[in-house]
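Fold and geometry: a report
Residue-level listing of the chains:
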Amino acid sequence: MIGAGWVGLVTAACFADLGHDVVVRDIVPERVADLQAGRVPIHEPGLPELLAQARDRLRFTLAMADLFAAARVAFVCVGTPPTYSGDADLSAVWHVLDELPDVDERALLVMKSTVPVGTGEKVRAALDARGLAHVGYVSNPEFLAEGTAVRDFQAPDRIVIGAFAESDADRVAALYAPIEAPIVRVDVASAEMIKLASNAFLATRISFINEIANVCEVTGADVEQVARGMGLDHRLGPHFLRAGIGFGGSCFPKDVQALKQLAGNSGYHFQLLNAVIEVNELQKRRVVGKLAKHLGELRGKTIALLGLSFKPNTNDMREASSLVLAARLLAEGATVRGWDPVSLEEAQALMQGVELCETVLTAVTGADAAVVVTEWPELRGLASSEVRAAMRNPLIVDGRNLLDPEEARAAGFTYEGIGRAGNDTPGAVETAEREPAA
Ligand SMILES: NC(=O)c1ccc[n+]([C@@H]2O[C@H](COP(=O)([O-])OP(=O)(O)OC[C@H]3O[C@@H](n4cnc5c(N)ncnc54)[C@H](O)[C@@H]3O)[C@@H](O)[C@H]2O)c1
């Protein structure tokens, strides 16, 4: 496994669990040292247990030579972040190729990183030019979702394998043998496109339901009821119809951008994806509008952002909505507090100017508003009398529609969700009631 991030580590642990011997190589010495010492550098449910269980079949190293001394099949799991132009940055992938030792014909390179369509052809050409024509190349994109990554590996919807040679595809399929899932065998370019198109389509569903939510707000419908009614249609299905403050994370924003740029670079204007991206950007900012609707001027107000990771059950803060919200609110002159059960260390580096709090209660004490940014289960009980008493002004902006609006109102909060019928009008809770308890 080349790369010990979310994809590399989860894949390594799961393959080891299946009985394979796995060597994991990363270039960050602290990460490798942590893993060698049994410490898991990321928060992913089930991963520490699996790594511990399969310890005898796992090795961690900094040296590429170690990896190829032991391994026949090398999965490339390095990051492919966006560049300033929106294209995927493939420098880590090319670096791996530069470092590749003179391996023999048993070596097979498998791309798990998400890459633009055409990358496989280019890697193939680069291998050939380096005298490594005997090294096979396979595209095997990864579809795991952070927070459920182990389960996603063990029970995937499908395994996509794109190869130039059937025998190479057979070798990769064999590694997954104990897993029951349809194997989609395609050409390399199609495998690359399946990954990008899948993420772009999921992102499109999110932006679509968010726009429906915004229209619900101005027409009096309730997006939660609408989504339930839509999702029961077997042609639509219920997934990715949760209205909220938009998608973030290390994959959707960059993969949608990358597909848009890939199309653009090839002379095609991908109009729909432009809208998906724009809707998502605006959706995060609507929270600021909702706060201003109730609080007026935000300068001098204290806002608690609850949940900082881009989704629950991960400490990944890449492209998290909390970062955009915090920056906007700080620019408005608000005091911003942040709480998260697992991401405070990551937030420290990324959220300068934000007061990070160990507990929800500390974050909301004296606050003018609490914003549910990430739907951590811990926040289900947010509309409590304790929180109500602690806040200077009991306003909840529920960016994930996590709470029951009626329960929140009954507990004395002004409640504002996303696309929900009956969002409170400003001043719904009498000023006299807003005084914090002594
Ligand atoms: N995170 C996800 O949910 C997810 C899901 C599906 C696909 N992907 C894709 O998989 C790829 C990896 O994503 P991630 O989230 O695991 O990234 P990550 O940033 O968490 O991990 C990448 C790791 O690769 C290491 N690395 C960089 N260059 C290296 C080299 N030359 N040799 C060895 N290690 C090297 C880095 O130090 C880092 O630890 C990306 O292309 C991503 O788009 C990610």
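Above this text sits the structure in question.
Residues numbered from 1 in each chain as written. Predicted model: local features only at pLDDT ≥ 70, side-chain atom pairs only at ≥ 80, totals over all residues. Heavy atoms only, no water.

**Some remarks on the packing of aromatic side chains**
- What the rule picks out here adds up to 8 aromatic pairs.
- Residues Tyr-137 and Phe-164 carry aromatic rings whose centres are separated by 6.1 Å and whose planes lie at 40° to one another, so their mutual orientation is tilted. Here Tyr-137 is found in strand β5 (residues 136-139), whereas its partner Phe-164 is found in the loop between β6 (159-163) and α8 (166-175), with 27 residues between them in sequence.
- For Phe-164, a relative accessible area of 38% corresponds to the partly exposed category.
- Three or more aromatic residues joined by ring pairs form one cluster here, namely Phe-15, Phe-75, Phe-153 and Tyr-176.
- For the cation-ring pair, Arg-158 lies above Phe-143, with the distance from its terminal atom to the ring centre recorded as 3.6 Å. (Phe/Tyr/Trp six-rings, centres within 6.5 Å; stacked < 30°, edge-to-face > 60°. Helix = DSSP H or I, 4+ residues; strand = E, 2+ residues; numbered from the N terminus. Buried < 20%, exposed > 50% of the residue type's maximum accessible area, 1.4 Å probe, protein only. Lys NZ or Arg CZ within 6 Å of the ring centre and 35° of its normal.)

**A closer look at the nonpolar core**
- Counting 41 residues, the largest nonpolar core has Leu-58 and Phe-75 as its most contacted members.
- Element by element, the count of residues in this core is highest for helix α1 (residues 6-17), at 8 residues.
- Membership of the second largest hydrophobic core comes to 32 residues, among which are Leu-329, Leu-344, Ala-369 and Ile-418. (Core = buried A, V, L, I, M, F, W, Y, C linked by side-chain atoms within 4.5 Å.)

**Brief notes about helix α9 (residues 188-219)**
- In a regular helix each residue adds 1.5 Å, so 32 residues correspond to 46 Å; α9 covers 47 Å between its end C-alpha atoms and thus fits that length.
- One side-chain oxygen at the N-terminal end of α9 lies 3.3 Å from the backbone nitrogen of Ala-189; it belongs to Asp-187.
- Just past α9, the residue Gly-220 takes up positive phi, approximately 95°. (Expected span 1.5 Å × (residues − 1). Polar contact = N/O pair within 3.5 Å; in protein donor to acceptor, adjacent residues only side chain to side chain.)

**Observations concerning the site of the ligand**
- Close to the ligand lie 28 residues; Val-7, Asp-26, Thr-80, Glu-146 and Lys-254 are nearest.
- The separation between a nitrogen atom of the ligand and a polar main-chain atom of Gly-3 is 3.4 Å.
- One of the backbone nitrogen or oxygen atoms of Thr-114 is found 2.9 Å away from an oxygen atom of the ligand.
- Contact with the protein chains removes 90% of the 830 Å² of surface that the ligand exposes when unbound.
- A per-element tally of the shell around the ligand places helix α5 (residues 91-99) first, with 3 residues.
- Partitioned by chemical class, the residues of the shell around the ligand number 11 nonpolar, 8 polar and 9 charged. (Near = heavy atom within 4 Å. Areas by Shrake-Rupley, 256 points an atom, 1.4 Å probe, with all protein chains shown as cover. Nonpolar A, V, L, I, M, F, W, Y, C, P; charged D, E, K, R; others polar.)

**Regarding the side chain of Asn-315**
- Following the sequence through the fold, Asn-315 ends up in the loop between β8 (302-306) and α13 (321-331).
- The exposure class of Asn-315 is buried, given its relative accessible area of 8%.
- Within the structure, Asn-315 has its side chain in polar contact with the side chain of Glu-346 (distance 2.9 Å).
- When sequence neighbours within four positions are dropped, the list of residues in contact with Asn-315 reads Trp-6, Pro-41, Ile-42, His-43, Ser-309, Val-342, Ser-343 and Glu-346. (Contact = heavy atoms within 4.5 Å.)

Take it as geometry only, folks, not as evidence of what the structure does.
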